[in-house]
2 protein chains.
Amino acid sequence: MSHTAGIRQVQKQKTRQALLDAALALLEEQSLSSLGLREVTRAVGVAPTAFYRHFRSTADLGVALVDEALGSLHRMVRSTVTTADSSDERIHRAVELIARHVDAYPAHVRFIARERHGGVQSVREAIRGQLGRFAEEVRAELAKDPEARGWSEDDLLMLSHLYVDQMLATASLFLEALDGPEGERERITRLATRQMRLISKGRRHWLD
Amino acid sequence: MSHTAGIRQVQKQKTRQALLDAALALLEEQSLSSLGLREVTRAVGVAPTAFYRHFRSTADLGVALVDEALGSLHRMVRSTVTTADSSDERIHRAVELIARHVDAYPAHVRFIARERHGGVQSVREAIRGQLGRFAEEVRAELAKDPEARGWSEDDLLMLSHLYVDQMLATASLFLEALDGPEGERERITRLATRQMRLISKGRRHWLD
DNA sequence: TCATCCAGTTAACAACTGTTCTCCGTAATT
DNA sequence: AATTACGGAGAACAGTTGTTAACTGGATGA
């Protein structure tokens, strides 16, 4: 393994990343289906035609953004769910972890929330696929827990999807509160914590 | 009250509705932020400038679509939640009610799911407001149930938001399966039913 | 009946879009 | 040292966009 740099490839990756960053910034105030190719290149400072050296279309760029955005989400999902058992303290910690992730990568979270049901099919499918893999991973993690004794694989996957959806909904709430009043953040924390707690109670009594 | 027709106002309302319908149809394959004013008028068969007689901008039209779409959702939410107590049969019936609503108004459901986190602020706010009112209404409905004894108003609102979100998530799943394989619909029904059941179990043991 | 109103039309505007083709300079390869 | 590969620039294209202005004809109200 290991491929020595190559000045050329390094520069190409650099402009490619610049295009991705510029697009992500522009997408804070619009949807991908209205993002123009020229708009992106203008923001970066390269010629419009340079875009084609990296992406076939803005939809193609969107798919690349999905990988980048969910790569960062990946860590959050893992550590959130791993600690998301019945203990109230751990739930609270998981919610705060989501809040901190939104603080760190607001544009990524916004992009996923927006384009999950957005107007570009290929991007929707990419997000759905990634979230499906997340849910599967969460399922495997839940299966290790002694509380999962007697659960069918199907039921575990049902629960993991519920967790993933709840996680995204919470992240979206934190996102809306980013440039809002101070107390809003705490209100959302309390709301999300109780919702997670209720789900955990349902989980504990699932086999009654 | 009662305002006799008025040929003029009737015609105006007719073209206005035609604009809304055309826009909704066009929005099945794109987001509101990329919907062009000329695109809509072309689909209806009127001059571009006629658009201004009805809406200030496409964002303005979007807000009008929110009212129309959630007017139809209103009935669904009410009947869904009213019957969404602990009984498994009733939960199952509620899920099927969602499925049937998606069959009846797929474009409306798609619009709400897409623009809830979409690129147009005024539309996002309109949807958030309407969903907030729904959640409040659900809360009032839940409060009537004997099972709500001992619950704080805050906790009831927490639960109602969970219900509303779950409802929309389910509707979105049914939507994706509309032009898909036959078995998918049934699979989603089983998934959503079990998720609702788990939430109901959590609800029943909330005060433990 | 006549003057007013007003939804919709026509024409034109500058600005913008995605895409093609040709070219340039330089890193990579031989 | 000579040749190739390739990321990016430049110019031009046909087509689109939102918005303005002045106008038309039929319903409305006096």
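Residues numbered from 1 in each chain as written. Chains lettered and ligands numbered in written order. Predicted model: local features only at pLDDT ≥ 70, side-chain atom pairs only at ≥ 80, totals over all residues. Heavy atoms only, no water.

## Some details on the nonpolar core
Membership of the largest hydrophobic core comes to 118 residues, with the highest contact counts inside it found for Phe111 of chain A together with Phe111 of chain B. Among residues more than four places away in sequence, those in contact with Phe111 of chain B are Leu24, Leu27, Gly62, Leu65, Val66, Ala69, Arg116 and Val123 of chain B. (Core = buried A, V, L, I, M, F, W, Y, C linked by side-chain atoms within 4.5 Å. Buried < 20%, exposed > 50% of the residue type's maximum accessible area, 1.4 Å probe, protein only. Contact = heavy atoms within 4.5 Å.)

## Some details on the relation of the copies chain A and chain B
In this structure, two copies of a chain are linked by a rotation about an axis accompanied by a shift along it. Under the fitted operation, chain A is carried onto chain B by 0.0 Å of movement along the axis and a turn of 180°, and the coordinates agree to an RMSD of 0.1 Å. In the structure described here, the two chain copies are related by an operation that fits a two-fold rotation axis. No C-alpha of chain A lies nearer the rotation axis than that of Gly202 of chain A, which sits 1.8 Å from it. Take the interface residues of chain A: 100% of them recur as interface residues in chain B, which is what a same-surface contact looks like. (Least-squares fit on C-alpha atoms with pLDDT ≥ 70 in both.)

## Re the packing of aromatic side chains
Tallying each qualifying case throughout the model produces 6 aromatic pairs over all chains. These aromatic residues form a ring-pair network of at least three members: Phe51, Tyr52 and Phe55 of chain A. (Phe/Tyr/Trp six-rings, centres within 6.5 Å; stacked < 30°, edge-to-face > 60°.)

## Considerations on the interface of chain A and chain B
Taken together, the contact pairs 37 residues of chain A with 37 residues of chain B. Counting the surface lost from both chain A and chain B, the interface buries some 3100 Å², and carbon and sulfur atoms represent 58% of this. Summed over the three residues of chain A that lose the most area to chain B, namely His117, Arg194 and Leu198 of chain A, the buried surface amounts to 21% of that side. Connecting chain A to chain B are 8 salt bridges. Arg194 of chain B is the salt-bridge partner of Asp154 of chain A, the closest N and O atoms lying 3.5 Å from each other. Counting every contact that joins chain A to chain B gives 18 residue pairs in polar contact (both at pLDDT 80 or more). (Buried area = accessible area lost by both parts, 1.4 Å probe. Salt bridge = Lys/Arg side-chain N within 4 Å of Asp/Glu carboxyl O. Polar contact = N/O pair within 3.5 Å; in protein donor to acceptor, adjacent residues only side chain to side chain.)

## Things to note about the UniProt feature "DNA-binding region" (unreviewed entry) in chain A
The positions that UniProt labels "DNA-binding region" (unreviewed entry) are, in the present scheme, residues 36-55 of chain A. Annotated as residues 36-55 of chain A, this span is 40% helix and 0% strand, and its ends, taken at the C-alpha atoms, are 13 Å apart. (UniProt positions renumbered as here; feature names shortened; annotations may be inferred. Helix = DSSP H or I, 4+ residues; strand = E, 2+ residues; numbered from the N terminus.)

## With respect to the packing of helix α8 (residues 182-204) of chain A against helix α7 (residues 153-176) of chain B
Packed helix pairs are characterised by how far apart their axes lie and by the angle those axes make with each other. Remark: α8 of chain A packs on α7 of chain B, axes separated minimally by 10 Å, with the N-to-C direction vectors making an angle of 75°. The pairing of α8 of chain A with α7 of chain B is recorded here as roughly perpendicular in orientation. Residue-level inspection shows Arg190, Leu191, Arg194, Gln195, Leu198 and Ile199 of chain A of α8 of chain A in contact with α7 of chain B, the latter providing Asp154, Asp155, Met158, Leu159, His161 and Leu162 of chain B. Of the residues that constitute the contact of α8 of chain A with α7 of chain B, the class distribution is 6 nonpolar, 2 polar and 4 charged. (Axes fitted to C-alpha atoms, helices over the stretch in contact; angles between N-to-C directions. Parallel < 35°, antiparallel > 145°, perpendicular 65-115°, else oblique. Nonpolar A, V, L, I, M, F, W, Y, C, P; charged D, E, K, R; others polar.)

## Remarks on the pattern of salt bridges
The full count for this structure, using the stated rule, is 26 salt bridges over all chains. Of the charged contacts, one joins Arg139 of chain B and Glu136 of chain B as a salt bridge, the two residues approaching to 2.8 Å between their closest N and O atoms. One end of the pair is Arg139 of chain B and the other is Glu136 of chain B, both in helix α6 (residues 121-144) and 3 residues apart, which spans about a single turn. Arg139 of chain B gets classed as buried once you look at its relative accessible area, which sits at 12%. Among the residues examined, Glu136 of chain B registers a relative accessible area of 35% and is labelled partly exposed. Residues joined by salt bridges that share partners form a network here, namely Asp154 and Asp155 of chain A together with Arg190 and Arg194 of chain B.

## With respect to the protein's contact with DNA strand D
DNA strand D sits among 19 residues. The nearest are Arg8, Ala47 and Arg53 of chain A together with Arg8 and Arg38 of chain B. Within the backbone of Ile7 of chain B, a nitrogen or oxygen atom sits 2.8 Å from a phosphate oxygen of DNA strand D. Put simply, the parts of the chain that give the surface near DNA strand D at least two residues each are α1 (7-26) of chain A together with α1 (7-26) and α2 (37-44) of chain B. Across the surface near DNA strand D, the residue classes tally to 6 nonpolar, 6 polar and 7 charged. (Near = heavy atom within 4 Å.)

## Some points on the side chain of Ser172 of chain A
Within the fold, Ser172 of chain A resides in helix α7 (residues 153-176). Only 3.2 Å separates the side chain of Ser172 of chain A from the side chain of His117 of chain B, close enough to count as a polar contact.

## Here we look at the protein's contact with DNA strand C
Of all residues adjacent to DNA strand C, which total 19 residues, the nearest are Arg38 of chain A together with Arg8, Ala47, Arg53 and His54 of chain B. For DNA strand C, the backbone portion of the atoms within 4 Å of the protein, that is sugar and phosphate, comes to 44%. At a separation of 2.4 Å, a base nitrogen of DNA strand C approaches a polar side-chain atom of Arg38 of chain A. Contact distances for DNA strand C include 2.3 Å between a base oxygen and a side-chain N or O atom of Arg53 of chain B. Elements that contribute at least two residues to the surface near DNA strand C include exactly α1 and α2 (37-44) of chain A together with α1 of chain B. Of the residues assigned to the surface near DNA strand C, the class counts are 6 nonpolar, 6 polar and 7 charged.

## Some points on the environment of Ala143 of chain B
Residues and elements named next belong to chain B. Within the secondary structure, Ala143 sits in helix α6. Look at Ala143 and you get partly exposed, because its relative accessible area is 38%. Along the chain, Ala143 and Leu156 lie 13 residues apart, while their C-alpha atoms are 7.2 Å from each other. Non-local contacts of Ala143, meaning those with residues more than four positions away in its chain, are made with Ala148 and Leu156.

## Some remarks on the packing of helix α5 (residues 106-115) of chain A against helix α6 (residues 121-144) of chain A
All names here are of chain A. Direction vectors running N to C along α5 and α6 enclose 110°, while the axes themselves pass 9 Å from each other. By the angle between their axes, α5 is roughly perpendicular relative to α6. In the packing of α5 onto α6, the handedness of the crossing is left-handed. Facing α5, whose interface residues are Phe111, Ile112 and Glu115, α6 presents Val123, Arg124 and Ile127. (Left-handed = near helix turned anticlockwise from the far one by under 90°.)

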